[in-house]
Amino acid sequence: MTNTVTSPVVVLGQGIAGLSAAIALGSSGYKVHLIGRRLAAAGGLQLSPNGFKALSSLGLDKAILDKADRLNAVVIRTLSTNRHLTEIIHDPMHLHAAVSRQDVMDCLFAKAENLSCIRFTDTDIHTLQLGTKEAKLVSADGDIFTADEVIGADGSKGLARAVLTGQNSIPPPAYCAMRAEIEAARLPTAFRRPSTLLMLGDGCHMVSYPIKGGSQINLVFCTSAHKVSSGWQKRYFGLNPLLSSLTDPAISWANTPLYPAEVLPVWRRAHLTIMGDAAHVMPPHLAQGAGQTFVDAACLKVLLAEKPLAQALDQMAATRAVEVEAITKKAAASGEVMRLGGVASHARNLFIDMAGPHFMNSWLDEVWEAEN
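Residues numbered from 1 in each chain as written. Predicted model: local features only at pLDDT ≥ 70, side-chain atom pairs only at ≥ 80, totals over all residues. Heavy atoms only, no water.

A.B. asks: Please give an account of the layout of surface pockets that cites residues and values.
C.D. replies: Considered as a void within the structure, the second largest pocket measures approximately 230 Å³ in volume. Forming the walls of the second largest pocket are 17 residues, and the residues nearest its centre are L79, S80, L200, G201 and D202. Listed by contribution, the elements that provide at least two residues to the lining of the second largest pocket are helix 7 (232-237) and helix 10 (343-368). If you tally residues by element for the lining of the second largest pocket, the top one is helix 10, at four residues. Looking at side-chain class alone, the lining of the second largest pocket contains five nonpolar, eight polar and four charged residues. (1 Å grid on protein atoms, 1.4 Å probe; cavity = no way out; pocket = protein on both sides within 12 Å on 5 of 7 lines; lining within 4 Å. Points joined across faces, edges and corners; volume = space filled by probe spheres on them. Helix = DSSP H or I, 4+ residues; strand = E, 2+ residues; numbered from the N terminus. Nonpolar A, V, L, I, M, F, W, Y, C, P; charged D, E, K, R; others polar.)

Here is the structure:
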């Protein structure tokens, strides 16, 4: 039997973006129907001061910080020889932290479930139609959902982005990230410090940081997809004694495609507005992926206190499309520098060594401390 459900607002996607959008709307008094699959989240993420400022607007900063590991620096070394290049010391008055993605999701769900105006449905949406007066969504089970407004927060490959752009695909992955979570006790002390470790190699780089109260280390190794063929761990880690433990075949590495950086120029059409990864594909090189999604939601919440829903969505879409463009370009440029190969990689390392922390701080602070 087909069921028809009507809601003022439907949020599509039960990930970080969807939950954040639902919380912004629900805490502003709007009835929200949150639709999508509730899935487990692996790995970790880093949050900078701008991300925590956005979380504060959403009433989530304390809950997430309680689960997070404070980070006091970014240490940059060479991947092959472990040579120290520079170290960026974080101002202790500004929050930099790393946290398990699952812990973030748990905090978001707890907040959303405490808002009585948010309703959840765990299902897949196969069809999204934008009518003249309302939007209609049809689930895999044939159930129909109608809404005055739809927030598409179902990711870069999701239905909402495809409907808004009229395209069913995005450009192929530019490269890939090999991700692993490893017990801290199995790794050298350098990995267990309360800092981000960035190791620059020839055509590749690796980032690591502690999560879960320091009991686990989240590692992300980025390079071209064709370079992670059989035995890649020994090729990249085997010559550096600090990294030799990463060649253990028992370590499970998850291959995650990284798509080209992109910010859509238009985030809103008719009754549909996109947010998060659906609107901006953010390379993971400036710790801004989740942070910018929280900024999207915080921007919406601020506007909802001043304007009716449709006007708030109009302004959020226009404002954030411009703001996030510069950060996305900077993240993409940072990734290109990190993946330099051959002579260029040696020149990069020499420049970072000679320029010192002042240059790196000036490059990063305008992103990390960005107003929102």
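A.B. asks: Can you explain the environment of L364? Please cite residues and give values.
C.D. replies: Secondary-structure assignment places L364 in helix 10. Under the relative-accessibility criterion, L364 is labelled buried at 7%. Sequence separation of L364 and P92 is 272 residues, and the distance between their C-alpha atoms is 16 Å. Non-local contacts of L364, meaning those with residues more than four positions away in its chain, are made with I88 and L286. (Buried < 20%, exposed > 50% of the residue type's maximum accessible area, 1.4 Å probe, protein only. Contact = heavy atoms within 4.5 Å.)

A.B. asks: Tell me about the nonpolar core, residues and numbers included.
C.D. replies: Counting residues in hydrophobic clusters, the biggest one holds 89 residues, and the most contacted among them are V11, L25, W267 and F294. A per-element tally of this core places helix 9 (residues 309-338) first, with ten residues. When residues no more than four places from it in sequence are discounted, the contact partners of W267 are L164, L272, T273, I274, A279, H280, D296, M316, A317, R320, A321 and V324. One finds V75, I182, L219 and Y236 within the second-largest nonpolar core, a separate group that totals 26 residues. (Core = buried A, V, L, I, M, F, W, Y, C linked by side-chain atoms within 4.5 Å.)

A.B. asks: Which residues make up the packing of aromatic side chains, and what values go with them?
C.D. replies: Under the criterion given, the structure shown has eight aromatic pairs. Both rings, one in W232 and one in W253, keep their centres 5.1 Å apart while their planes meet at 75°; by these two values the pair is edge-to-face. Note that W232 is positioned in helix 7 and W253 in the loop between helix 7 and strand 16 (254-258), a separation of 21 residues in sequence. One exposure class covers both W232 and W253, and it is buried. Each ring, one from F351 and one from F359, has its centre 5.1 Å from the other, and the planes form 85°; the classification is edge-to-face. According to the relative accessible area criterion, F351 is partly exposed, its value standing at 44%. Since its relative accessible area comes to 34%, F359 is described here as partly exposed. Three or more aromatic residues joined by ring pairs make a cluster, and in this case those are F221, W232, Y236, F237 and W253. (Phe/Tyr/Trp six-rings, centres within 6.5 Å; stacked < 30°, edge-to-face > 60°.)

A.B. asks: Outline the pattern of salt bridges, supporting the account with residue identities and numerical values.
C.D. replies: One pass over the structure, following the stated rule, counts twelve salt bridges. Between D103 and K212 there is a salt bridge whose closest N-O contact spans 3.1 Å. Here the residue D103 occupies a position in helix 4 (residues 101-113), and K212 occupies one in the loop between strand 14 (204-211) and strand 15 (216-223), the gap between them amounting to 109 residues. Residue class for D103 comes out buried when judged on its relative accessible area of 8%. Because the salt bridges share partners, they merge into one network encompassing R37, D122 and D124. (Salt bridge = Lys/Arg side-chain N within 4 Å of Asp/Glu carboxyl O.)

A.B. asks: Tell me about the environment of A54, residues and numbers included.
C.D. replies: Mapped onto the fold, A54 is located in helix 2 (residues 49-57). According to the relative accessible area criterion, A54 is buried, its value standing at 0%. With 110 residues separating them in the primary sequence, A54 and L164 have C-alpha atoms 26 Å apart.

A.B. asks: An account of the sheet that holds strand 4 (residues 69-70) is needed here, citing residue identities and associated values.
C.D. replies: Here we have three strands laid out as an open sheet, ordered 3-7-4, and antiparallel in their pairing. If you trace the sheet from one side to the other, it starts and ends with strand 3 (44-47) and strand 4, each paired once. Bridge count between strand 4 and strand 7 (residues 97-100): two bridges; the pairing is antiparallel. Of the residues in strand 7, the one forming a bridge with R70 is A97. Strands strand 3 and strand 7 of the sheet are contacted by helix 4, whose axis makes an angle of about 80° with strand 7. (Pairing = 2+ DSSP bridges. Axes fitted to C-alpha atoms, helices over the stretch in contact; angles between N-to-C directions.)

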